[in-house]
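Listed below, chain by chain, are the residues.
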Amino acid sequence: MFIPTTKKEMDQRGWKQLDIILVTGDCYIDSPLVGVSVIGHCLISAGFKVGIIGQPDMNSDKDICRLGEPALFWGVTGGCIDSMVANRTASGKPRRTDDYTPGGINNKRPDRAVIAYSNLIKSYVKNSAPIVLGGLEASLRRIAHYDYWSDKVRKSILFDSKADYLLYSMAEDSVVELAQHLAKGEDCRKIRGLCYISKTAPEKGLELPCFEAVKDDKIAFTEMFKIFYINNDPLTAQILFQKQDTRYLVQNPPPTCLRQNRLDEIHSFDYMRDAHPFYLKNGPVKALETIRFSILTHRGCYGECSFCSIAVHQGRTVQSRSKNSILNEVKAITAHPLFKGSIMDVGGPTANMYGFECQKKLNNGACENRSCLFPDICASLEIDHSKQIALLNDIKTVPGVKNVFVTSGIRYDMILADKKYGNRYLKTLIRKHICGQMKIAPEHTDPFVLQKMQKPGLDTLLAFRELFNKYTKEDGKKQFLSYYFIAAHPGCSLENMKQLKQVCTNSLQYTPEQVQLFTPTPSTRSTMMYCTGIDPLTGDKCFVERSSAERQKQMTILLSTPVFLKKEFSADRHGDSRRSDSRRSDSRRSDSRRSDSRHGDSRHVDSRHGDSRHGDARRGDSRHGNSKRGGKKSGIRNF
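Residues numbered from 1 in each chain as written. Predicted model: local features only at pLDDT ≥ 70, side-chain atom pairs only at ≥ 80, totals over all residues. Heavy atoms only, no water.

Draft legend 1. Representation of empty space enclosed by the protein in the model. The volume enclosed by the largest cavity comes to roughly 180 Å³. Of all the secondary structure elements, the ones that give two or more residues to the lining of the largest cavity are helix H7 (172–184) and helix H13 (310–313). Within the lining of the largest cavity, the residues separate by chemical class into eight nonpolar, nine polar and four charged. (1 Å grid on protein atoms, 1.4 Å probe; cavity = no way out; pocket = protein on both sides within 12 Å on 5 of 7 lines; lining within 4 Å. Points joined across faces, edges and corners; volume = space filled by probe spheres on them. Helix = DSSP H or I, 4+ residues; strand = E, 2+ residues; numbered from the N terminus. Nonpolar A, V, L, I, M, F, W, Y, C, P; charged D, E, K, R; others polar.)

Set out below in structure tokens:
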């Protein structure tokens, strides 16, 4: 059953006044991959009366007032993708299309949507209930942050929007707890995952350099980010506070990771897997093509790619659903009237992180001074693909299911590291679960640039490519690898891109048609490097290309096709060597995976993948993120 978005639906439920009204920059899609939908169902399950307003008219009160005023609070989110990423390309040009807008024309979501919607509420609803920010846009802008589109360090979005509270990260339990406190008239300032403004500094916690210092001083800004970044694990994080004007932003520690049964419960709600008819009358919603029959198996990512915000938004701890929960969702999908037999994706921010985690991390929190996968895979992380192999096999046996695809990004270094099940997993994908191509994200091949990105080296890529081609040939299939690359990332020069072009031509025998132009997005390590020219975690200086013309030139170099490859391409379009990546656009790589569609809302709450992949400008938070990679995938994906 849809969450009410009209007064008529309120009347049908016998609701005279809502407790909470959620406002989003997307049209209302009822899906477990869309953050605002998940948050709404969690609140309703807890006994609250909830309504949703999607993409309200900014010039009148006809939408923002159509459900009345909530008794407890307004919940405001920019949607599955940060509104500036949704509206602007890496070059700053307006985007013409939007996958979350009926009809696809990008004319419904305002720039800086969280601020705009907060102002809209204040303009038309006098003495309104508190405004609570959430979702990817709010989560990644909760602290003083660099904003690429205005080219300056901005205050917390809580200050700029003049809202009352901000919930960051995966906020299903935090938002219910907040609603319960407000309903009882209790102080809510101790809730985990909550940010608020205080006239005085808290008695306990870590003080960050003040806003006046970080907006002009690169060293202070770098110091602030490092403290902020290492305090994102629920088991080890402390209260953070920062003076911004005469008051303080206070950030409580992140929400604790959900237990598996709670994660299963959230995915068991009766989602309609469709856009609400109120919005569909204005045209089809393209995001539904990829998220309607996709399954999220887990959240979080320990990859920590420097340009990706999943570590800051969803966390570095992977939380997996039970097999029974996933199979029950598959059975529910097969009963959908539009289901034709294909599960479009079984994955998460990164598909092959399902079903295992580092026991040390689960007990003591993420390591402060090293990543799970970089510069090499930590011995404490016992990679095991067996559970995902079994899961995919079991999904395939559900009556009504004809095809099961894995279109989330794959960490190929993890496949190679799993000596027991890695080869079997790759064979399983090649034989049954990819359709013509497998997407992988080397991002670059230069050792220095890869070090800044925290991505595996060229040797690992070539070893995987050889293995993929071997198994594909053995199966007699014409399948190929699709490579994602980023141009103009911090540390990358024009010469580095020329070298990458040579590797693509000579070693990969591959000519990209579309390349991601690095887009600095809030609260990522790469964005800090772009802003300051300093790696915030090592203190090392690095080259940054800021000229728009030179950034564009880096991308153009990789897109050019050598004459001899053009001839071969026209002669035989079938192998890894001739196919180009037509699935990727400079502007919309969405962690396709994961925008905040689902967590987004916070690649991010977010489409459930979120645009958490920011830097990947639109690899979105569809709810897992992933948005944050493919122009078409609504959600955040981490690779």
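Having seen the model, we can carry on.
Draft legend 2. Focus on the packing of helix H16 (residues 386–396) against helix H18 (residues 422–433). H18 packs onto H16 with a crossing angle of 25 degrees between their chain directions and a minimal axis gap of 10 Å. If you check the angle between H16 and H18, you find them roughly parallel. Between H16 and H18 lies a crossing of left-handed hand. Packed against H16, whose contacting residues are Gln388, Ile389, Leu392 and Asn393, the element H18 presents Arg424, Tyr425, Thr428, Leu429, Lys432 and His433 at the interface. Of the residues belonging to the contact of H16 with H18, the class tally is four nonpolar, four polar and two charged. (Axes fitted to C-alpha atoms, helices over the stretch in contact; angles between N-to-C directions. Parallel < 35°, antiparallel > 145°, perpendicular 65-115°, else oblique. Left-handed = near helix turned anticlockwise from the far one by under 90°. Contact = heavy atoms within 4.5 Å.)

Draft legend 3. Region of the structure containing the pattern of salt bridges. Following the criterion strictly, the structure yields 29 salt bridges and no others. We note a salt bridge from Asp19 to Lys49, for which the minimum N-O separation is 3.7 Å. Within this pair, whereas Asp19 is found in the loop between helix H1 (7–13) and strand S1 (20–24), its partner Lys49 is found in the loop between helix H2 (35–45) and strand S3 (50–54), the two being separated by 30 residues in sequence. With a relative accessible area of 27%, Lys49 lands in the partly exposed category. Between Arg109 and Asp26 there is a salt bridge whose closest N-O contact spans 2.8 Å. Here Arg109, found in the loop between helix H3 (83–87) and helix H4 (113–124), pairs with Asp26, found in the loop between S1 and strand S2 (29–30); they are 83 residues apart in sequence, far enough to count as distant. Judged by relative accessible area, which is 5%, Arg109 ranks as buried. In this structure Asp26 comes out as buried when scored by relative accessible area, which is 3%. Put simply, Asp82, Arg112, Arg141 and Asp147 are held in one network by salt bridges that share partners. (Salt bridge = Lys/Arg side-chain N within 4 Å of Asp/Glu carboxyl O. Buried < 20%, exposed > 50% of the residue type's maximum accessible area, 1.4 Å probe, protein only.)

Draft legend 4. Quick peek at unusual backbone geometry. That bond from Phe374 to Pro375 is cis: its omega, 5 degrees, falls within 30 degrees of zero. Checked against the element boundaries, Pro375 lands in the loop between helix H15 (359–364) and H16. One non-glycine residue, Gln55, lies in the positive phi region at around 45 degrees. Secondary-structure assignment places Gln55 in the loop between S3 and strand S4 (73–77).

Draft legend 5. Seen up close, the side chain of His145. Within the secondary structure layout, His145 lies in strand S6 (residues 145–147). Within the structure, the side chain of His145 is placed 3.3 Å from the side chain of Arg141, a separation counted as a polar contact. At a separation of 2.8 Å, a polar atom in the side chain of His145 contacts the main-chain carbonyl oxygen of Ile143. Those residues in contact with His145 that lie beyond four places of it in its chain are Lys152, Val153, Arg154, Lys155, Ile157, Phe221 and Pro522. (Polar contact = N/O pair within 3.5 Å; in protein donor to acceptor, adjacent residues only side chain to side chain.)

Draft legend 6. Structural detail: the environment of Asp418. Inspection of the secondary structure puts Asp418 in the loop between helix H17 (412–417) and H18. Judged by its relative accessible area of 4%, Asp418 falls in the buried class. With 33 residues separating them in the primary sequence, Asp418 and His385 have C-alpha atoms 7.4 Å apart.

Draft legend 7. Broad picture of the sheet that holds S1. Sheet architecture is open: nine strands sit in the order S3-S1-S4-S5-S8-S9-S12-S11-S10, paired in mixed fashion. Pairing within the sheet leaves two strands with one partner each, and these edge strands are S3 and strand S10 (206–207). In terms of strand pairing, strand S11 (residues 240–244) meets strand S12 (residues 247–251) through five bridges, oriented antiparallel. Bridge pairing in S12 places Leu240 opposite Gln251. The sheet strands contacting H4 are S1, S4 and strand S5 (131–133), and the helix crosses S4 at an angle near 150 degrees. (Pairing = 2+ DSSP bridges.)

Draft legend 8. Main features of helix H23 (residues 548–559). The terminal C-alpha atoms of H23, which comprises twelve residues, lie 17 Å apart, in line with the 16 Å expected from a rise of 1.5 Å per residue. Taken together, the buried positions of H23 are occupied by Arg551, Gln554, Met555, Ile557 and Leu558. Across the axial projection of H23, the buried residues extend over an arc of 155 degrees, all falling on one side. Away from the buried face of H23 by more than 90 degrees, exposed residues Ser548 and Ala549 are located. (Expected span 1.5 Å × (residues − 1). Arc of directions from axis to C-beta.)

Draft legend 9. Representation of the nonpolar core. Counting residues in hydrophobic clusters, the biggest one holds 180 residues, and the most contacted among them are Ile29 and Leu133. Top element by residues in this core is helix H9 (residues 218–230). It accounts for seven residues. If we skip the residues at most four places from it in the chain, Ile29 touches Val34, Ser37, Tyr100, Asp274, Ala275, Val285, Ala287, Leu288 and Ile291. (Core = buried A, V, L, I, M, F, W, Y, C linked by side-chain atoms within 4.5 Å.)

Draft legend 10. Main features of the sheet that holds strand S21 (residues 480–487). Taking strand neighbours across the sheet as the criterion, the three strands line up as S20-S21-S22 in an open arrangement whose pairing is parallel. Across the chains shown, the open sheet's two edge strands, defined by having one partner strand only, are strand S20 (437–443) and strand S22 (516–517). Of the pairings in the sheet, the one linking S21 to S22 comprises two bridges and is parallel in character. Note that in S22 the partner of Ala487 across the bridge is Leu517.

Draft legend 11. Representation of the layout of surface pockets. Its boundaries defined by the atoms lining it, the second largest pocket holds a volume of some 540 Å³. Looking at the second largest pocket, it is lined by 26 residues, and the ones nearest its centre are Ile230, Cys367, Glu368, Asn369 and Arg370. Only H9 and H13 provide two or more residues apiece to the lining of the second largest pocket. By residue number, the principal contributor to the lining of the second largest pocket is H9, which donates three residues. Considered class by class, the residues forming the lining of the second largest pocket number ten nonpolar, nine polar and seven charged.

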